[in-house]
Amino acid sequence: MEQKRLLLFVTLSATVIFVWQMFIFPRIAPPPQPAAQQQAENAPAQDEQEQDLPLVAQKPPKDGEVKPQPEQPEEQKPAFARNPRRTIVLGSLDPESGYFLEAKITTQGAAVMEASLNDPLYRDLNDKKKPLKVLDEFSGAKEVSRSLQIEMKQLDKKLEPFLTNTRRTDWKVLEEIKDPDDPKIIQAVHLGLTAPDGSIEVHKVFRLEKYPVPPDEDFRQFRNTKQAGYLIHFDLKLINESSQGQVLDYQLLGPVGIPLENADNTRKFRDVRIGFLQNDMSIDTETLNAPDIIEEVQAKNVEKYTRAFQFAGVDVQYFAALLSPDGKNFKPELVNGEMRSNYSASVEPVLIQQNVKNEAQSRVTIKVNSEEIELPAGGETEHSYALYAGPKRESLLGPPLKAAEIMDFGFFGPVAKLMLWLLTTLHSIGLSYGIAIVCLTVMVRGSLYPLSRKQALGAQKMKELQPQIAELKKKFGDDREKMGRAQMELFSKNNYNPLAGCLPIFLQLPIFFGLYTALNNAVQLRGTPFLWIDNLAAPDALFKLPFNLPILGDNFNLLPLITVGLFVVQQKLFMPPPTDKDQELQHKIMNYMMIGMGFLFYRVPAGLCVYFIASSLWGICERKLLDFQAKRRPATTTDPNVIDVTAESKKSSSNKNQNKKTKEKDDKPEKKGWFARLQEIADQAQAQAALNEKQRDQKSGNKGPGKKSKKRR
C-alpha cells in the first residue's frame, strides 16, 4: 500500500512540474531577449537620442562593438569614394572594324573584366551566335578576380581605414581616347587612383591597336599571322606625390577566366606557362599544371621564380593568355649567371579556384611581384606590359612574344608540323576540313604503299607456311631450341624475313603520332562541322544517353564504334587462323585489346576518328587488291615460293624454283625505290645471318669428342 502511494505521488509531481514549465511559467515570465537582438531593436531609438546629445554626453562604444557610421554627404567623402562605377568598352566585335578584340575595362580595381574575340572562326561552342570570351572575371567567396588587377601594400594601408583597397575601390577615368576613324569606338582608356592623403598616385592605361586588313591580303591569312592584333597593351605608372622619398612595389595578377572547353573529353587542361630568358636570350619554357600548384598551395610552399621571364600566363588546348613585359623601359640584365628583370623580382603561380571533383580543371594563373622601387619626392616610374589573348598558332606565337614552345607537338614535332601544313594547304584549295583529313590519310597511306605491300606479301607467305610450322611443332615438341632453328631454316629456304613486317609499322608510328598531335593542336578544326559532326575537335556526340556510363560518360559517340568495328574486321580478314594453343591465346589477347581500344577511342576528337576510319578502309581495300592480283596469276598446284621442310634433300627442286623466280624477275623488271632497296638490304642481312648460323651448327656437329676437325681442301 505504501509503495502505491509513493508511486502515485511521484507521478503527480512530475505531471505538475511539466505543466508548469511548459504552459504556465512562460506566460507569467517570458524569457529575456538576447542582448544583440535587443540592441538591434533599440539601436534606432538610441541613435536618435544620442544624435541630440552633445559629444561629451554620448556613450562610448563598448569593447568589440562596431557602431555603424552615418552616411556622409557626397561633398565630405574622399575623392576616390566619389568615383562612379563604370565599364569602358575598348575595340569592337565587328571583324571589319580593324580590331581583333573587344575588351571591357571596369573602374573597380581598374582591371580587365572580359575580353572577346570577334573572328567568326572563334565562336562560343555552346552558342555559335556569341563571341568567344578568352578572358572573364571570376567571383570567389571573398572577392572578384580580374585580369591585370594590382595590389599595392603601401596604398592599401592608406585605404584600409575606409574599408577598401586598390582592387575594390573605383578608379577615376582620366581620359578616353577615341578611334580617329570611328568616334563610336574607344581605343584606349586612362584611369587613376590617388591615396587619401595624396602621397601616392597610380595610373593605368589600357590600349588596343587597330590593324585593318590590307586590300592586297586575304582576311584569314592576315588574321592568322598578325600577332599584334591580339595584344592588350597595359601601362602602369607609380608617382610619389609626397615631400619625401618612398619605396613602392606592386603585385600584378595575370590572365583570369580563360575558358576550358569540352572539359569532360579534353586531355589538356589549364596549365601555367612561363618562358624564362636564357643567357643567350633564348627561351626556356616551364609548365605547371593545376594539381601541382594545389599541392604547393596546401603545403604553403609556392615557389617564386626569380629569373626574368619573356612570357607568363595560362593556356588551354586551343587558346592562350600570356603576359609579356613590353616597352622601352624593360631591360633584363645578367646577374650572377642568371637573367634578371628590372620590372619583376619574381613570378609565381596562383590558385584562383580549386575544383574538388577534378583538380586538373581548377582555375590557375600567375602573379608578378615587382622589384622594390625607390622613388624620390615627386619621382615616378612606368612599367609596360602586353597581354596576348588569342588562338594557339605558331604564326601568332613567334617573335616578339617568342611563345611558340607552348604548342604541344611532342617528340614527333617535325612530322606533326608537316601534317598540319598539309592539312591547312588542302583546306586552302577549297576542301572542307573533313575531306582534307580523308585526303591527308590517302596521301600518307599512299606514300607507304611499297612498305604496306611488302608487309602484306609477308603476311600471306606466313599464312602459307602455317601448316609446315605446325608440323615442326609436332616434330620437336617442347624443344624450343631445335624448333627455333628449324623454323629459321624454313624461313631462310622460303626467303621470308619475319622482321620485315615490323619495318612498315615502325615507319608508320612517327606519322601516326605526328598526325594525332597535329589534329589535337589544330585550332582550325575547333567548331568545324562535317556530315553530322558539329565539332571535329570533339567527340561527335549524336545524343545524350538517359544514364551515365563509367569512363564513357553520357554521350553516344558513333565514330569510335565504327573505328573499332573496322579494326575488328581487319583483324578477322588478315590474321591467319590459329594452328595451336599459343596462337589461340594471341587471338584472345587481340580481341581483349580491341575492347580496350574501344574504351580508349570513345572520347577522342571526331577528326581523329575520321582519320582512323579512312586509314582502315584504305588498308582493307589495299589487301583485297593484293589478293585480287594474286588470283590473276597462273594457277599452280603448289606455291613456288614455299618449300616443304620435310623434303630435306630437294636441291634440284630448290634450284628450279630459284630459276623460276629469277626468270619471272627478268620477264617483269621492276624499278625499286628507296623503301624497296632498304627492305632488300634487310632481307639480305637476315638471310646471311641465318646462313652463318647454319654453317656454325654444321661445324659443331662434325666435331666429335676427342677428334680434330679435318681441313677442307
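All chains use their own residue numbering, which begins from 1 and follows the written sequence. pLDDT decides what is reported in this predicted model: residues at 70 or higher carry local features, side-chain atom pairs at 80 or more are listed and counted, and totals for whole chains, interfaces and linings draw on all residues regardless. Computation of side-chain values: all heavy atoms of the structure, hydrogens and water removed.

A. Up close: the overall build of the protein. Each helix and strand in the protein was counted, giving 15 helices and 25 strands. Only protein chains enter the calculation, and the probe is 1.4 Å; a residue is then buried if its accessible area is under 20% of its type maximum, exposed if over 50%, and partly exposed in between. The buried share of the protein, reckoned over its 713 residues, is 41%. For the protein, the proportion of contacts with a sequence separation of at least 24, taken over those separated by at least 6, is 67%. A total accessible area of about 41600 Å² is found for the protein, and carbon and sulfur atoms account for 56% of it. Each helix is a run of DSSP H or I of at least 4 residues and each strand a run of E of at least 2, with the numbering of both proceeding from the N terminus. Contact between two residues is taken to exist if any of their heavy atoms lie within 4.5 Å; hydrogens are not considered. Accessible surface area values rest on a Shrake-Rupley calculation with a 1.4 Å probe, where residue burial reflects the displayed protein chains alone.

B. Broad picture of helix α6 (residues 413-428). The end-to-end C-alpha separation of α6 is 22 Å, in line with the 22 Å expected for 16 residues at 1.5 Å each. Buried residues of α6: Gly 413, Ala 416, Met 419, Leu 420, Leu 422, Leu 423 and Leu 426, and no others. Following α6 by one or two positions, Gly 430 adopts a phi angle in the positive range, close to 115°. Expected helix span is computed as 1.5 Å times (number of residues minus one).

C. How the structure looks around the sheet that holds strand β7 (residues 150-151). Here, strands pair whenever DSSP counts at least two bridges between them. Pairing is antiparallel in the open sheet, where four strands are placed in the order β7-β13-β21-β20. A strand with exactly one partner marks an edge of an open sheet, and here the two such strands are β7 and β20 (344-353). Summarising the sheet, β7 and strand β13 (residues 251-253) pair through two bridges and their orientation is antiparallel. Of the residues in β13, the one forming a bridge with Glu 151 is Gln 251. Lying on the sheet, helix α5 (residues 290-298) is in contact with β20 and β21 (363-370); it crosses β20 at an angle near 100°. Note on geometry: axes are lines fitted to C-alpha atoms, helical ones only across the stretch in contact, with angles between N-to-C directions running from 0 to 180 degrees.

D. α5, seen in detail. Those residues of α5 not exposed but buried are Ala 290, Ile 293 and Ile 294. When α5 is viewed along its axis, its buried side chains cluster within an angular range of 100° and face the same direction. Of the surrounding secondary structure, the elements contacted by the buried residues of α5 are β14 (271-277), β15 (283-289), β20 and β21. Its side-chain oxygen 3.1 Å from the backbone nitrogen of Asp 292, Asn 289 forms the N-cap of α5. Working definition: the arc comes from the directions between the helix axis and the C-beta atoms, pointing outward to the latter. Polar contacts, as used here, are pairs of N or O atoms within 3.5 Å; protein pairs need one atom able to donate a hydrogen and one able to accept it. Residues neighboring in sequence count only if both atoms are side-chain atoms.

E. How the structure looks around the pairing of β20. Among the 10 residues of β20, seven are classified as buried, and the element is accordingly described as predominantly covered. Of the strand pairs in this sheet, β20 and β21 are connected by eight bridges, and their pairing is antiparallel. Across the sheet, residue Leu 351 finds its bridge partner in β21, namely Val 364.

F. The UniProt feature "transmembrane region" (unreviewed entry) in the protein, seen in detail. UniProt positions are given in the numbering used here, feature names are shortened, and annotations may be inferred rather than shown by experiment. As annotated in UniProt, the feature "transmembrane region" (unreviewed entry) corresponds to residues 7-25, 418-444, 498-519 and 589-614 in the numbering used here. In this annotation, residues 418-444 is assigned 85% helix and 0% strand; the end-to-end C-alpha distance for the span is 11 Å. Within residues 589-614, the helical portion is 85% and the strand portion 0%, while the C-alpha atoms at the span's ends are 25 Å from each other.

G. Spotlight on the side chain of Thr 169. In this structure, Thr 169 sits in the loop between α3 (153-159) and β8 (172-178). Assessed through its relative accessible area of 6%, Thr 169 is described here as buried. When neighbours within four sequence positions are excluded, Thr 169 is seen to be in contact with Phe 80, Thr 107, Gln 108, Gly 109, Thr 164 and Leu 193.

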